[in-house]
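# A closer look at the structure
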Amino acid sequence: MSRNKIPKLFDGSVNELTRPSRPKRKEERVKSVDLKKEKKQKTLYISLDINRKLIELYGEEGRRQSIIVEDAVNLYYYLKQALGEKKFDELMSAVRREDPEFLREYMEKFKL
């Protein structure tokens, strides 16, 4: 599976995935008419193939997020090592302002 392409789970609509109920007897139909007004719900039936694809998607997303977290931790650690405690604290206070323009101006001070 390619990283940038999400697999197509199914071609049809959600309504095509719902299984129709079996025909009811007349006595049950009279009772169920009132229940239909109270509660309207469809049950989604998922095939094993669709379930497998969903698990693959969740797994891929989990790996992607763990890579992002790992990169963030590495960036934090190595910036702190490279800048030293005082300059790193200054940088973090600039980041906390959540102002990209201010952060750009602040970063221009550093020689890379």
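Just above, that's the structure.
Residues numbered from 1 in each chain as written. Predicted model: local features only at pLDDT ≥ 70, side-chain atom pairs only at ≥ 80, totals over all residues. Heavy atoms only, no water.

## Things to note about the environment of F88
Note the following rule: Numbering of helices and strands runs from the N terminus; a helix is a DSSP stretch of H or I covering at least four residues, while a strand is a stretch of E covering at least two. Any two residues whose heavy atoms approach within 4.5 Å at even a single point are treated as in contact.
Here F88 lies in helix α4 (residues 85–96). A C-alpha to C-alpha distance of 9.1 Å links F88 and Y76, two positions 12 residues apart in sequence. If sequence neighbours within four positions are ignored, F88 has contacts with Y76, L79, K80 and L83.

## Remarks on unusual backbone geometry
Negative phi is the rule for most residues except glycine; trans is the rule for most peptide bonds. Within the chain, E98 stands out as a residue other than glycine whose phi angle is a positive 55°. As for its position among the elements, E98 is in the loop between α4 and α5 (100–107).

## Some details on the packing of aromatic side chains
Stated precisely, the cut-off is as follows: Ring pairs shown here join Phe, Tyr and Trp side chains whose ring centres sit within 6.5 Å, with only the six-membered ring taken for Trp; geometry is labelled stacked below 30 degrees between planes, edge-to-face above 60, and tilted in between. Here's how the labels work: a residue is buried when its accessible area is under 20% of the maximum for its type, exposed when over 50%, partly exposed in between, all with a 1.4 Å probe on protein chains only. Only Lys NZ and Arg CZ are tested; either one counts as a charge over a ring when it is within 6 Å of the ring centre and within 35 degrees of the ring normal.
A complete count under the given rule lists 2 aromatic pairs for this structure. Look at Y76 and F88: their rings are 4.9 Å apart centre to centre, the planes differ by 90°, and that puts the pair in the edge-to-face class. Here Y76, found in helix α3 (residues 48–83), pairs with F88, found in helix α4; they are 12 residues apart in sequence, far enough to count as distant. Residue classification places Y76 among the partly exposed positions, given a relative accessible area of 42%. On the basis of relative accessibility, which here comes to 2%, the residue F88 falls in the buried class. Each ring, one from Y77 and one from Y78, has its centre 5.0 Å from the other, and the planes form 80°; the classification is edge-to-face. A residue is classified by how much of its surface remains accessible, and Y78, at 53% relative accessible area, is exposed. When the ring centre of F102 is taken as origin, the NZ or CZ atom of R97, which lies over that ring, is 3.8 Å away.

## Concerning the packing of α3 against α4
Convention followed: Axes here mean lines fitted to C-alpha atoms, for a helix over just the part in contact, with angles spanning 0 to 180 degrees between N-to-C directions. These descriptions rest on fixed angle ranges, namely under 35 degrees for roughly parallel, over 145 for roughly antiparallel, 65 to 115 for roughly perpendicular, and the rest for oblique. Take the far helix as the reference: if the near one is turned anticlockwise from it by less than a right angle, the crossing is left-handed, and if turned clockwise, right-handed. In this count, Pro and Cys sit with the nonpolar residues alongside Ala, Val, Leu, Ile, Met, Phe, Trp and Tyr, while Asp, Glu, Lys and Arg are called charged and the others, Gly among them, polar.
Viewed as axis vectors pointing N to C, α3 and α4 meet at an angle of 130°, and their least axial separation amounts to 6 Å. What the angle tells us is that α3 and α4 run oblique. For the element pair α3 and α4, the recorded crossing hand is right-handed. Mapping the contact onto sequence places Y76, L79, K80 and L83 in α3 and E85, K87, F88, L91 and M92 in α4. Each residue belonging to the contact of α3 with α4 can be placed in one class, and the counts come to 6 nonpolar, no polar and 3 charged.

## A word on the packing of α4 against α5
Working note: a packed helix pair is described by the angle between its axes plus the distance between those axes. For the pair α4 and α5, the least separation of the axes is 9 Å and the interaxial angle reads 155°. Regarding the angle of α4 to α5, the classification is roughly antiparallel. Of the residues in α5, those in contact with K87, E90, L91, A94 and V95 of α4 are F102, L103, Y106 and M107. Looking at the contact of α4 with α5, its residues break down into 7 nonpolar, no polar and 2 charged.

## Digging into the pattern of salt bridges
The following threshold applies: Whenever Lys or Arg places a side-chain nitrogen within 4 Å of a carboxyl oxygen from Asp or Glu, that contact is recorded as a salt bridge.
Tallied over the entire structure, the rule returns 7 salt bridges. Here R52 makes a salt bridge to D49, at a shortest N to O gap of 2.7 Å. One end of the pair is R52 and the other is D49, both in helix α3 and 3 residues apart, which spans about a single turn. The exposure class assigned to R52 is partly exposed, which follows from its relative accessible area of 40%.

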